[in-house]
Amino acid sequence: MNYIWRYIKRYPGLLALDVFGSLFFVLVNLGLPTVLSIMIDQAIIPGNQSLLFTLAMVMLGVIILGALGRILLSYASSKLTNIMIRDMRNDIFDYTQKFSHEEFEKIGVPSLVTRVTNDAFVLMQFAEMSLRLGVNTPLMFLGSIVMIIITSPSLAWIVAASMPFLLVAIYVIAKKSRPLSEAQQTTLDTINQYARENLTGLRVIRSFAREEYQEERFNKESRHYSNIATRLFKLMATANPIFMHILVWMIVLIMGLSLQPLAVGELQVGNLVAFVEYAFHALFSVMMFSQLFIMYPRMNVSSNRLQEIMNTEISISVNEDGITQTETHGYVTFDNVTFAYPGETENPVLHNISFEAKPGEMVAFIGSTGSGKSTLVQLIPRFFDVTLGRIIIDGVDVRDYNLKALRQKIGFIPQKALLFTGTIGDNLRYGKYNATENELERASDVAQASDFIHKTQERYHSFLAEGGTNLSGGQKQRLSIARAVVKQPDVYIFDDSFSALDYKTDAELRRRLKEVTTNSTVLVVAQRVSSIMNADQIIVLNEGEIVGRGTHEELMVENEIYRDIANSQIKNPTIEE
Ligand SMILES: Nc1ncnc2c1ncn2[C@@H]1O[C@H](COP(=O)(O)OP(=O)(O)OP(=O)(O)O)[C@@H](O)[C@H]1O
């Protein structure tokens, strides 16, 4: 509730309008039974036509005012909830932008999506309901109780006696709904996860002919969700008949016990009608308010899930006041770096890594799969922070930089090329939004991407489908390399980014890259010896440790692991450039 209130109180004007609409609505609705009572007792029964007409006009006026109050209330509550949810979603989105990989892994991307969409929607429903019912139902209840006592104190106990039945029913329903709501949201996370996996992994699923397995897995979870939802709906559906039952019994009791006071003239017919109406309003207010109470656990679950995002501590801060300028550009030093993935401190995946690289140099990393090559280079832009030791760029520990300034220095080309929806030009300008077409042309030329770009009808204006699915793996990799070249970073990091290229293109691309990287440091993770044999320094990793370093020629003589890797590949004649 606090979480919703934090957003709603930002708009006091709309909140005041909501309260005003509620007050108006309550006053008008409390007035109606009294007008009706006067109408029956003083106009209809004595046959006073002119008073009847006057009171009918008063009633019409009251009804119109009531409708205006309701319109005002609906306007204020829906506008306020819409603004609230917009602000809430924006805040979450902005906050998650600052998340490091650790935070994303902790919550999980599918769960984040469910939270921002579904959980936020639950909060929106609750907020709208609270604004619509939160003020007018308690007021209506109190007002009705006062009017009940005024109208017929001798019958008031019947209303009081009905209340405990109503309150117990509300409590039981709310209590039972909480675990169901929790289970519902968690199941939705899993459904979302399966749907994502299914859509992104469509080709693999089809090639392994595992559609049925996927379907079964998805259907199972879907059935589970549907079962929970049905139980929840059934529970909610029982609420209304129970409430109506209590209401009807109360009215029957009032009618039965009113015969005696009516007979002796203690009670007028009009008063009785007004009394029944006030009793109805009192119970109905509790019933309406109970909807909030019943929905509260569900809202609470969703609110906790959203607050969990906002309360997640960001392990790698943006460091706004960090260093933004350095004298040199591109000097990289690993000083005794040890790294363990968060939560796995017992088993570091990198041990005591030290090396240096300077502008104009190419340092390459090779080793068996899982030896820690990708992890090592991901520490430079601080996707994760080192556990022990330091990484120094241009004389400054990476943790002391303003994060944006640090990443500005780096051109990271990931293992899996990722492009965004938009034109080829938009994608190439991702790291330098004001790059000219000439710059794009040059970068594409270096990245061996010009040929296929020129073959497209609109060249740099050609549209790429989501994730670049209308391109081949090699084309995506070349565009991803061109994107980094456009940025002209101080440090290039190629994380196995040549793997989808044929040997000839790979060799030509590396030759051309030299032209644009004379003042930059190039770090290359590779599986193919041919991609790195011209490196100034090759670092051989094994199980997270450096087990060899030197040039290709030196390592071929001195290092058995390197020699084994190279020999297994040199059997392929195309390796020779
Ligand atoms: N996000 C992660 N959380 C926990 N452990 C991880 C994570 N990513 C990688 N690892 C582990 O870290 C080790 C090194 O992985 P890394 O991806 O750096 O190896 P690599 O040498 O780049 O392998 P490859 O050549 O197959 O890409 C592996 O044992 C891997 O299981």
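Conventions adopted
- Residues numbered from 1 in each chain as written.
- Predicted model: local features only at pLDDT ≥ 70, side-chain atom pairs only at ≥ 80, totals over all residues.
- Heavy atoms only, no water.
- UniProt positions renumbered as here; feature names shortened; annotations may be inferred.
- Helix = DSSP H or I, 4+ residues; strand = E, 2+ residues; numbered from the N terminus.
- Buried < 20%, exposed > 50% of the residue type's maximum accessible area, 1.4 Å probe, protein only.
- Polar contact = N/O pair within 3.5 Å; in protein donor to acceptor, adjacent residues only side chain to side chain.
- Contact = heavy atoms within 4.5 Å.
- Phe/Tyr/Trp six-rings, centres within 6.5 Å; stacked < 30°, edge-to-face > 60°.
- Lys NZ or Arg CZ within 6 Å of the ring centre and 35° of its normal.
- Pairing = 2+ DSSP bridges.
- Axes fitted to C-alpha atoms, helices over the stretch in contact; angles between N-to-C directions.
- Near = heavy atom within 4 Å.
- Areas by Shrake-Rupley, 256 points an atom, 1.4 Å probe, with all protein chains shown as cover.
- Right-handed = clockwise from strand over helix to strand, strands pointing away.
- Expected span 1.5 Å × (residues − 1).
- Arc of directions from axis to C-beta.
- Core = buried A, V, L, I, M, F, W, Y, C linked by side-chain atoms within 4.5 Å.
- Patch = residues over 30% accessible without salt bridge, like charges linked within 9 Å, V, L, I, M, F, W, Y side chains within 5 Å.
- Salt bridge = Lys/Arg side-chain N within 4 Å of Asp/Glu carboxyl O.
- Parallel < 35°, antiparallel > 145°, perpendicular 65-115°, else oblique.
- Left-handed = near helix turned anticlockwise from the far one by under 90°.
- Nonpolar A, V, L, I, M, F, W, Y, C, P; charged D, E, K, R; others polar.

Per an unreviewed UniProt entry, the protein chain carries the name ABC transporter ATP-binding protein and comes from Ruoffia halotolerans. Of the protein chain, the UniProt comment under Subcellular location (unreviewed entry) reads exactly: "Cell membrane".

Moving on to the side chain of Thr 137. By the secondary structure assignment, Thr 137 is in helix H6 (residues 136-151). Using a relative accessible area of 5% as the deciding quantity, one classes Thr 137 as buried. From its side chain, Thr 137 meets the backbone oxygen of Leu 133 in a polar contact 2.4 Å long. If we skip the residues at most four places from it in the chain, Thr 137 touches Ser 285, Met 288 and Phe 289.

Moving on: the packing of aromatic side chains. With the rule as written, the count across this model stands at 14 aromatic pairs. Consider the rings of Phe 383 and Phe 412, whose centres lie 5.2 Å apart with planes at 70°: the pair is edge-to-face. One end of the pair, Phe 383, is in the loop between helix H11 (373-378) and strand S4 (388-393); the other, Phe 412, is in strand S6 (residues 410-413), and 29 residues separate them in sequence. Residue Phe 383 is classed as buried on the basis of its relative accessible area, which comes to 18%. In textbook terms, an aromatic cluster arises when at least three aromatic residues are bridged by ring pairs, as seen for Tyr 95, Phe 99 and Phe 104. Sitting above the plane of the Tyr 213 ring, Arg 210 keeps its charged end 4.3 Å from the centroid.

Now for the sheet that holds strand S3 (residues 362-367). The mixed open sheet is built from 6 strands, whose spatial order is S6-S9-S10-S3-S11-S12. Across the chains shown, the open sheet's two edge strands, defined by having one partner strand only, are S6 and strand S12 (545-550). Strand after strand, the sheet turns through a mean of 15° between neighbouring axes, direction not considered. Where S6 meets strand S9 (residues 491-495), 4 bridges bridge the pair, whose relative direction is parallel. In the sheet register, Phe 412 faces S9, and the bridge partner there is Ile 493. Contacting S6 and S9, helix H16 (residues 473-487) crosses the sheet at an angle of about 180° to S6.

Taken together, 14 residues surround the ligand, and among them Gly 370, Lys 373, Ser 374, Thr 375 and Gln 527 come closest. Gly 370 places a main-chain nitrogen or oxygen 2.9 Å from an oxygen atom of the ligand. Here an oxygen atom of the ligand sits 3.0 Å away from a polar atom, N or O, in the main chain of Gly 372. Burial of the ligand by the protein amounts to 66% of the accessible area it has alone, namely 640 Å². It is H11 that provides the largest number of residues to the shell around the ligand, a total of 3 residues.

Now for the UniProt feature "transmembrane region" (unreviewed entry) in the protein chain. According to UniProt, the positions carrying the feature "transmembrane region" (unreviewed entry) are residues 12-32, 52-76, 133-150, 156-174, 232-258 and 278-296. Between the end C-alpha atoms of residues 133-150 the distance is 25 Å, and the span holds 89% helix and 0% strand.

The element S9 is extensively covered by neighbouring structure, given that 5 of its 5 residues are classed as buried. The alternating pattern of S9 places Val 491, Ile 493 and Asp 495 and Tyr 492 and Phe 494 on opposite faces, both of which are buried. By the bridge criterion, 5 bridges tie S9 to strand S10 (residues 521-525) in an arrangement that is parallel. In the strand pairing of S10, Asp 495 is matched with Val 525. Taken together, S9, helix H17 (residues 503-516) and S10 constitute a β-α-β crossover, and its handedness is right-handed.

Counting along an α-helix, one turn takes 3.6 residues, and residues three or four places apart therefore face a common direction. End to end, H6 covers 21 Å across 16 residues, agreeing with the expected 22 Å (1.5 Å per residue, within 8%). Restricting attention to buried positions, one finds in H6 the residues Asn 136, Thr 137, Met 140, Gly 143, Ser 144, Ile 148 and Thr 151. For H6, the angular spread of the buried residues around the axis is 145°, confining them to a single face. Away from its buried face, by an angle of more than 90 degrees, H6 presents the exposed residues Leu 142 and Ile 150. For H6, the secondary structure elements touched by its buried residues are helix H2 (12-44), helix H3 (49-97), helix H5 (109-133), helix H7 (156-200) and helix H10 (269-311).

Right, let's talk about the nonpolar core for a bit. By size, the foremost hydrophobic cluster in this structure holds 44 residues, and its most contacted members are Leu 479, Phe 494 and Val 524. It is H16 that provides the largest number of residues to this core, a total of 6 residues. Not counting residues up to four positions away in its chain, the partners in contact with Leu 479 are Leu 419, Ile 424, Leu 428, Ala 449, Phe 452, Ile 453, Leu 464 and Leu 471. In terms of nonpolar packing, the next biggest core, distinct from the first, is built from 35 residues, Ala 156, Ile 228, Met 250 and Ala 282 among them.

The subject of this paragraph is the side chain of Ser 303. Here Ser 303 is to be found in helix H10. Its relative accessible area of 1% is what places Ser 303 among the buried residues. Sequence-distant contacts of Ser 303, that is, excluding residues within four places in its chain, are made with Tyr 3 and Leu 123.

Turning our eyes to something else, we now look at the sheet that holds S4. With antiparallel pairing, 4 strands are arranged side by side in an open sheet as S2-S1-S4-S5. The strands lining the two open edges of the sheet, one partner per strand, are strand S2 (350-357) and strand S5 (396-397). Where S4 and S5 come together, 2 bridges link them in antiparallel fashion. Among the inter-strand pairings, Ile 393 is bridged to a residue of S5, identified as Val 396.

Together, Phe 53, Met 57, Leu 60, Ile 64, Leu 65, Leu 68 and Ile 71 make up an exposed nonpolar region whose accessible area comes to about 700 Å². Here Phe 53 lies in helix H3. Overall, Phe 53 belongs to the exposed group, its relative accessible area being 54%.

Glancing now at the packing of H5 against H7. Contact geometry of H5 with H7 gives a least axis separation of 9 Å together with a crossing angle of 130°. In terms of orientation, H5 and H7 fall into the oblique class. The crossing of H5 and H7 is right-handed. Residues Val 109, Pro 110, Ser 111, Val 113, Thr 114, Asn 118, Asp 119 and Val 122 of H5 form the contact with H7, whose participating residues are Gln 185, Leu 188, Asp 189, Asn 192, Gln 193 and Arg 196. Taken together, the residues of the contact of H5 with H7 sort by class into 5 nonpolar, 6 polar and 3 charged.

Let us now look at the pattern of salt bridges. Inspection of the entire model under this criterion finds 21 salt bridges. A salt bridge links Asp 119 to Arg 305; the shortest N-O distance between them is 2.8 Å. Here Arg 305 lies in helix H10 and Asp 119 lies in helix H5, a separation of 186 residues in the sequence. Pair check on accessibility: Asp 119 and Arg 305 agree, each one buried. A salt bridge links Arg 390 to Asp 335, with the nearest nitrogen and oxygen atoms 3.1 Å apart. Placement of Arg 390 in strand S4 and of Asp 335 in strand S1 (residues 332-339) is noted, with a sequence separation of 55 residues between them.

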